[in-house]
Amino acid sequence: MVPVAILGSGPSFALFFGIYSFAKDKLERSTGDSKTSVLIASILGGIPSSLVAVPADLLKKRIVLETTERSWLAVSREIINKEGAKGMFLGWQANMLKDLPFAAIKMTLYEGCKSLYLTFRAKYWRQTSGVDSTNDTNLSLPEYGVVGFASGAATAVLTTPLDCVNTRIKSGELREFGVIRGHFEIIKRDGWKALFRGLGPRTIIISLGSSVFWSMQNAIIKVIS
């Protein structure tokens, strides 16, 4: 499972943030609109990032849901033998429809939480010490962690239904349904609460992951610069 996670997440994250950072910087300079720049850059980075992650995501879900323990290589061979190379991209549409909103929501919420925090901090400093920090947009590493945690929690809650549908499509349970129909099928079978199954653990994982990621990313940036 670890090799699958590394092979899927590593290239996907690198591709997303490489494209996102470049596109956001260019768009902000040309338009001056930071909110629109974040949204467009998220989509531009999310498309190739999502496609790259599909095979690893498929293998991960197949291995987790299987009753017998097999290696990811064995599962890969079985899929390719039965369905050809295209079988490794089963559910790519579901992945795309999950990942693009996820990326847009994640980055928009992160930038929004950061902006709100900076506004709150400037107001607090002005009231307590008379210091005007309105133009100070730098955060400490703990502050990046707090902002990342808050935006990660909000992202997890909003995207859990999409992740639930995506998982069932990848497992083969809803492979004949699209993402939109998949939502209604789950509600029909198990009720609307089933769309939020696993919300607690997912929120904790994404929140902590987001907190660590933004802290580490900005620590690396500070070291490099």
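Model, not experiment: these values are computed from the prediction. (Residues numbered from 1 in each chain as written. Predicted model: local features only at pLDDT ≥ 70, side-chain atom pairs only at ≥ 80, totals over all residues. Heavy atoms only, no water.)

1. Overview of the side chain of T155
Structurally, T155 is set in helix α5 (residues 141–171). Those residues in contact with T155, other than ones at most four positions away along the chain, are F102, I105, K106 and L109. (Helix = DSSP H or I, 4+ residues; strand = E, 2+ residues; numbered from the N terminus. Contact = heavy atoms within 4.5 Å.)

2. Some details on the layout of surface pockets
Looking at the second largest pocket, its volume works out to about 450 Å³. K24, Y110, E111, K114 and N218 are the residues nearest the centre of the second largest pocket, which is lined by 19 residues in total. Contributing elements (two or more residues each) for the lining of the second largest pocket: α1 (2–31), α4 (92–129) and α7 (199–224). Here the lining of the second largest pocket is composed, by residue class, of eight nonpolar, six polar and five charged. (1 Å grid on protein atoms, 1.4 Å probe; cavity = no way out; pocket = protein on both sides within 12 Å on 5 of 7 lines; lining within 4 Å. Points joined across faces, edges and corners; volume = space filled by probe spheres on them. Nonpolar A, V, L, I, M, F, W, Y, C, P; charged D, E, K, R; others polar.)

3. Considering the side chain of R121
Its location among the elements puts R121 in helix α4. Looking at R121, its side chain comes within polar contact range of the main-chain oxygen of N138, at 3.0 Å. Residues in contact with R121, not counting those within four places in the same chain, are S133, D136, N138, L139 and E143. (Polar contact = N/O pair within 3.5 Å; in protein donor to acceptor, adjacent residues only side chain to side chain.)

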